[in-house]
Amino acid sequence: MNYQQYFPRDVVNGPGVRCTLFVSGCEHRCPGCYNARTWPLASGVPFTETMIEQVITDLNDPAIPRRGLTLTGGDPLHPANVAAVEALVCRVRAECPGRDIWAWTGYVLEALTPAQWRLVDRLDTVVDGPFIQAQASPGLSWRGSANQRVINIRMLDNAE
Ligand code: SF4
């Protein structure tokens, strides 16, 4: 997997102070996308083991407590990204107790593959659906257009 950017301290993409990773690769191609340079899977630079260690270190940094990790892009649920993102999420779960994990995806939950669901099931919150310009509004929390949903995955689990 490649990534475009990593912000070790971010207060925009999710609640609280967070570490935010912008992965490369998105097949949705939404008109008006805020980050179209992330669309090609080969854009950006490789997400290496060293980067995983950096994320873990930042999330555990007592000097600047982070509430959690944000995964966005690009699309962390792009089929080509799922395995690498899942490996990162498993490391964060094991080594960063108390941190939440949010992800933004252009897929809708009802259409996910089993592999995508296995990853989603390890997350706390997913903002799903493509960006639709005609439904865009600056007043929406954590989402760009009204069709997108902020879904608490833990609540879904409890409802099953
Ligand atoms: S899903 Fe997100 S990153 Fe992908 S094209 Fe749509 S707005 Fe851009």
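Residues numbered from 1 in each chain as written. Predicted model: local features only at pLDDT ≥ 70, side-chain atom pairs only at ≥ 80, totals over all residues.

Peer 1: What am I meant to see in the overall build of the protein chain here?
Peer 2: Scanning the protein chain from terminus to terminus reveals four helices and seven strands. For the protein chain, the N- to C-terminal ordering of α and β elements is β-β-β-α-β-α-β-α-β-β-α. The globule rule puts the C-alpha radius of gyration for 160 residues at 15 Å, and the 15 Å found for the protein chain is close to it. Overall size of the protein chain, expressed as C-alpha extent along the three principal axes, is 40 × 40 × 30 Å. Going through the 160 residues of the protein chain one by one, you find that 34% of them count as buried. In the protein chain, the proportion of contacts linking residues at least 24 apart, taken out of those at least 6 apart, comes to 63%. (Helix = DSSP H or I, 4+ residues; strand = E, 2+ residues; numbered from the N terminus. Rg over C-alpha atoms; globule rule 2.2 N^0.38 Å. Buried ≥ 20, exposed ≤ 12 C-beta atoms within 10 Å, placed from the backbone. Contact = placed C-beta atoms within 7 Å.)

Peer 1: Is there a simple way to explain the site of the ligand in this structure?
Peer 2: As a matter of local geometry, the ligand sits amid 13 residues, with Cys-26, Cys-30, Cys-33, Gly-106 and Phe-131 nearest to it. Among the residues forming the shell around the ligand, the class breakdown is five nonpolar, six polar and two charged. (Near = placed C-beta within 6 Å. Nonpolar A, V, L, I, M, F, W, Y, C, P; charged D, E, K, R; others polar.)

Peer 1: I'm lost on the pairing of strand β1 (residues 2-10) in this one. Help?
Peer 2: Remember that side chains alternate between the two faces of the sheet whenever the strand is regular. Relative to strand β3 (residues 45-46), β1 runs antiparallel, the two sharing two bridges. Each residue of the ladder has a partner; that of Tyr-3, found in β3, is Val-45. Bridge count between β1 and strand β2 (residues 18-23): five bridges; the pairing is antiparallel. Bridging across to β2, Phe-7 finds its partner in Thr-20. (Pairing = 2+ DSSP bridges.)

Peer 1: When you look at helix α2 (residues 82-95) in this model, what are you seeing that I'm missing?
Peer 2: Residues spaced three or four apart along an α-helix point in a common direction, a consequence of the helix completing one turn every 3.6 residues. Taking 1.5 Å per residue, 14 residues should reach 20 Å; α2 reaches 20 Å between its end C-alpha atoms and fits that length. Taken as a whole, α2 has its buried residues at Val-82, Val-85, Leu-88 and Val-92. For α2, the angular spread of buried residues about the axis comes to 130 degrees, placing them on one side. Exposed side of α2, more than 90 degrees from the buried face: Ala-83, Cys-90 and Ala-94 are the residues found there. Those residues of α2 hidden inside the fold are in contact with β2, α1 (49-59), β4 (68-72), β5 (100-104) and α3 (114-120). (Expected span 1.5 Å × (residues − 1). Arc of directions from axis to C-beta.)

Peer 1: Teacher, can you tell me more about the sheet that holds strand β6 (residues 125-128) here?
Peer 2: Judged by pairing direction, the sheet is mixed, and its seven strands sit side by side in the order β3-β1-β2-β4-β5-β6-β7 without closing on themselves. With one partner strand each, in any of the chains shown, β3 and β7 (149-152) form the two edges of the open sheet. Strand contacts of α1: β1, β2 and β4, with the helix running at about 155 degrees to β2, the strand carrying the most contacts. (Axes fitted to C-alpha atoms, helices over the stretch in contact; angles between N-to-C directions.)

Peer 1: When you look at the environment of Leu-123 in this model, what are you seeing that I'm missing?
Peer 2: The residue Leu-123 is located in the loop between α3 and β6 in this model. Distance in space between the C-alpha atoms of Leu-123 and Leu-69 is 9.9 Å, their sequence separation being 54 residues. Apart from residues lying up to four places away in sequence, Leu-123 is in contact with Val-89, Ile-101, Ala-103 and Ile-153.

Peer 1: Would you explain the nonpolar core in this entry?
Peer 2: Most often, soluble globular proteins keep nonpolar side chains buried together rather than apart. Grouped together as the largest cluster of nonpolar side chains are 27 residues, with contacts concentrated most on Val-23, Leu-69, Leu-71, Ile-101 and Ala-103. Discounting residues that sit within four places of it in the chain, Ile-101 has contacts with Gly-68, Leu-69, Leu-71, Val-89, Val-92, Leu-123 and Asp-124. (Core = buried A, V, L, I, M, F, W, Y, C linked by C-beta atoms within 7 Å.)

Peer 1: Sorry if this is basic, but what is going on with unusual backbone geometry here?
Peer 2: As a rule of thumb, non-glycine residues mostly have phi less than zero, and peptide bonds are mostly trans rather than cis. The step from Gly-73 to Gly-74 runs through a cis peptide bond, and the omega angle for that step is 5 degrees. By the secondary structure assignment, Gly-74 is in the loop between β4 and α2. Of note, Trp-142 is a non-glycine position whose phi angle comes to about 65 degrees, a positive value. Of note, Trp-142 is situated in the loop between β6 and β7. Among the residues examined, Trp-142 registers 16 C-beta atoms within 10 Å and is labelled partly exposed.

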